[in-house]
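So the chains spell out like this:
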Amino acid sequence: LAKTTQPISMDSYEGQEVNITCSHNNIATNDYITWYQQFPSQGPRFIIQGYKTKVTNEVASLFIPADRKSSTLSLPRVSLSDTAVYYCLVGAPNRDDKIIFGKGTRLHILP
Amino acid sequence: SAVISQKPSRDICQRGTSLTIQCQVDSQVTMMFWYRQQPGQSLTLIATANQGSEATYESGFVIDKFPISRPNLTFSTLTVSNMSPEDSSIYLCSVAPGHDPGANVLTFGAGSRLTVL
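The residue count restarts for each chain, going from 1 along the sequence in the order it is written. Key to labels: chains lettered from A, ligands numbered from 1, both in the order written. At least 70 in pLDDT is required for a residue's local features to be given in this predicted model, at least 80 for side-chain atom pairs to be given and counted, and no such filter applies to totals for whole chains, interfaces and linings, which use all residues. To obtain the side-chain values, all non-hydrogen atoms of the structure were used and water was disregarded.

Q: How would you summarise the overall build of chain A if you had to cite specific residues and measurements?
A: A tally of helices and strands in chain A yields zero helices and nine strands. Per the convention used, a helix needs a DSSP run of H or I reaching at least four residues, while a strand needs a run of E reaching at least two, with both numbered from the N terminus. Reading the secondary structure of chain A in the N-to-C direction produces β-β-β-β-β-β-β-β-β. Here the radius of gyration uses the C-alpha set of atoms, whereas the globule reference equals 2.2 Å times the residue count to the power 0.38. The C-alpha atoms of chain A give a radius of gyration of 13 Å, which matches the 13 Å a tight globule of 111 residues would have. In this analysis, two residues are considered to be in contact whenever any of their non-hydrogen atoms come within 4.5 Å of each other. Sequence separation of at least 24 residues holds for 57% of the intrachain contacts in chain A that already meet a minimum separation of 6. Accessible surface area values rest on a Shrake-Rupley calculation with a 1.4 Å probe, where residue burial reflects the displayed protein chains alone. Accessible area of chain A: about 5,800 Å², with a carbon and sulfur share of 50%. Note that His is not counted, nor are the chain ends; the positive residues are Lys and Arg, and the negative ones are Asp and Glu. For this purpose, a charge sits on NZ of Lys, CZ of Arg, CG of Asp or CD of Glu. Computing the positive centroid from 11 side-chain charges and the negative centroid from 9, chain A places the two 5 Å apart.

Q: Kindly report on the packing of aromatic side chains, identifying the contributing residues and their values.
A: The aromatic pairing rule takes the rings of Phe, Tyr and Trp, using the six-membered ring of Trp, and pairs them if the centres are within 6.5 Å, calling planes under 30 degrees apart stacked, those over 60 edge-to-face and the rest tilted. Scanning the model with the defined rule gives ten aromatic pairs over all chains in all. Their ring planes at 50° and their centres at 5.4 Å tell us that Y36 of chain A and F101 of chain A sit as a pair that is tilted. You can see Y36 of chain A sitting in strand β3 (residues 32–38) and its partner F101 of chain A sitting in the loop between β8 (84–91) and β9 (105–110), a full 65 residues away along the chain. With respect to burial, Y36 of chain A and F101 of chain A carry one shared label: buried. Arranged with centres 5.8 Å apart and planes meeting at 75°, the rings of F101 of chain A and F108 of chain B form a pair that is edge-to-face. You can see F101 of chain A sitting in the loop between β8 and β9 and its partner F108 of chain B sitting in strand β10 (residues 107–108), one on each of two chains. Side by side, F101 of chain A and F108 of chain B carry an identical accessibility label, which is buried. Each member of the aromatic cluster is reached from another via a ring pair, and the members are Y36, F46, Y87 and F101 of chain A together with Y35 and F108 of chain B. For a lysine, the NZ atom is tested; for an arginine, the CZ atom; a charge sits over a ring if that atom is within 6 Å of the ring centre and within 35 degrees of the ring normal. Directly above the aromatic system of Y51 of chain A lies the positively charged group of R68 of chain A, at a separation of 3.9 Å from the ring centroid. Three exposure classes are used, based on accessible area relative to the maximum for each residue type with a 1.4 Å probe and protein chains only: buried under 20%, partly exposed in between, and exposed over 50%.

Q: How would you explain unusual backbone geometry if you had to name every residue and give the values?
A: Across the junction of K7 of chain B and P8 of chain B, the peptide omega takes the value -5°, indicating a cis bond. For P8 of chain B, the position within the fold is in the loop between β1 (4–7) and β2 (10–13). At S41 of chain A, a position not held by glycine, the phi torsion is positive, near 65°. Looking at the element boundaries, S41 of chain A is found in the loop between β3 and β4 (45–50).

Q: Report on the sheet that holds β9 of chain A, specifying residues and quantitative values.
A: Residue and element names in this part refer to chain A. Should DSSP find at least two bridges between two strands, the strands are taken to pair. Taken in spatial order, the five strands line up as β1-β9-β8-β3-β4 in an open sheet, and their pairing is mixed. Looking at the sheet topology across the chains shown, the edges are occupied by β1 (9–13) and β4. Each neighbouring strand pair of the sheet contributes to a mean axis angle of 25°, computed without reference to strand direction. As judged from the five bridges shared by β1 and β9, these two strands associate in the parallel manner. For M10, the partnering residue across the bridge sits in β9 and is L107. Where helices are involved, their axes are fitted lines through C-alpha atoms of the stretch in contact, as for all axes, and angles between N-to-C directions lie from 0 to 180°.

See below:
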C-alpha cells in the first residue's frame, strides 16, 4: 500500500480557494487516488477519486500530475462549513485491497 | 451509495463489560470494514468482515477482544469485550461496493461513540 503524506493542518478564509496537496511517491500503476472529508461526530464521506490529470465534480477538483507522485485537492470558494478533516488515500479499486487512512489534513476556515 | 445504520450511536460502559455494535446496510455488500477512531486521531482499521468467512484482523487487534459476526450480506456486529478506558473511541462500520470502478470507495456509518468508565 502506498503511503501518503499531507499537511497536518491548514487555515483559510471564507471565499478563498483551498488547495491541499498529498504526496504518494510509491503509488502503484493500478492505484487510484481518493479523498474523503470528515466532519466532527460523523464518519468520513467520499469527495472525489481520480487516476490521472484532472477530475472535477460538484464539490471539488482533483489535480494529478503526469508522474502521479502527488495530487492536489482543490476546494473552490470555501465556506465555514468546509471546516473538516480531509484524508488522501491511495489504493487499487479491487475488492481485496483494504483501505488504510493516513493522518489527514485538518482544514479550518475562518470568517 | 449504500445507507448504513449503526447502533448504538453512543454508550457509556463500565470497565470489564462488553458491548456489541450493530451495523445494518440497506443493500447487499460483499466487503464490510470496522474502524476505530480515537479522540483527535485518524481511523484505524480493526478488521475486514466478509460474509461466510472469518473476519480478517489487522495487527494489534484480536478476535477474543473484538469478535465480529457477519451472518448475511447486509448485517454485521462488532463486540468490544472486557472493556477498559483505553477502548473509549468511536467505532465505525463501512462498506465498499465491491465492483470496479470505485470498488475501494467506502461509505461509512455515523459511528458508535463508546466511553468506558
